[in-house]
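Results of the structural survey
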Amino acid sequence: MSMINIKPTVRKIFEMSGVLKLIPIEEIENIGGTKFEECI
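Definitions and cut-offs
- Residues numbered from 1 in each chain as written.
- Predicted model: local features only at pLDDT ≥ 70, side-chain atom pairs only at ≥ 80, totals over all residues.
- Heavy atoms only, no water.
- Helix = DSSP H or I, 4+ residues; strand = E, 2+ residues; numbered from the N terminus.
- Buried < 20%, exposed > 50% of the residue type's maximum accessible area, 1.4 Å probe, protein only.
- Contact = heavy atoms within 4.5 Å.
- Areas by Shrake-Rupley, 256 points an atom, 1.4 Å probe, with all protein chains shown as cover.
- pLDDT = per-residue confidence, 0-100.

Here we come to the overall build of the chain. Along its length, the chain carries 1 helix and 4 strands. In the chain, the succession of helices and strands from N to C terminus is β-α-β-β-β. Within the span of the chain, comprising 40 residues, buried residues form 18% of the whole. By sequence separation, contacts in the chain at least 24 residues apart represent 37% of the contacts at least 6 residues apart. Of the roughly 3300 Å² of accessible surface on the chain, a fraction of 60% belongs to carbon and sulfur atoms.

With that settled, the discussion passes to unusual backbone geometry. Not every positive phi belongs to a glycine, and Asn 5 is a case in point at roughly 50°. By secondary structure assignment, the location of Asn 5 is in the loop between strand 1 (3-4) and helix 1 (8-17). Judged by its relative accessible area of 11%, Asn 5 is buried.

Right, let's talk about the environment of Glu 27 for a bit. Assignment of secondary structure puts Glu 27 in the loop between strand 2 (25-26) and strand 3 (30-31). Residues Glu 27 and Ile 6 lie 21 residues apart in sequence; the distance between their C-alpha atoms is 8.1 Å.

Attention now goes to the confidence of the model for the chain. In the predicted model, the chain carries a mean pLDDT of 78, and 70% of its residues have values of at least 70. Considering each helix and strand of the chain separately, the mean pLDDT is smallest for strand 4 (residues 34-35), with a value of 54, and largest for helix 1, with 92.

Position of Pro 24 among the secondary structure elements: in the loop between helix 1 and strand 2. Put simply, Pro 24 and Ser 2 are 22 residues apart on the chain and 5.1 Å apart in space, counted from C-alpha to C-alpha. Dropping the residues within four chain positions of it, Pro 24 is found in contact with Met 1, Ser 2 and Met 3.

Spelled out as structure tokens, the structure:
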């Protein structure tokens, strides 16, 4: 499991809380031909 295209403010909160040690963030624009928008 991973998070995709997280907003910078949300990323900072996840960094400070230690969530990123458990769930990585991926900067991906195209997966399987489908463009992902920002998740949060």
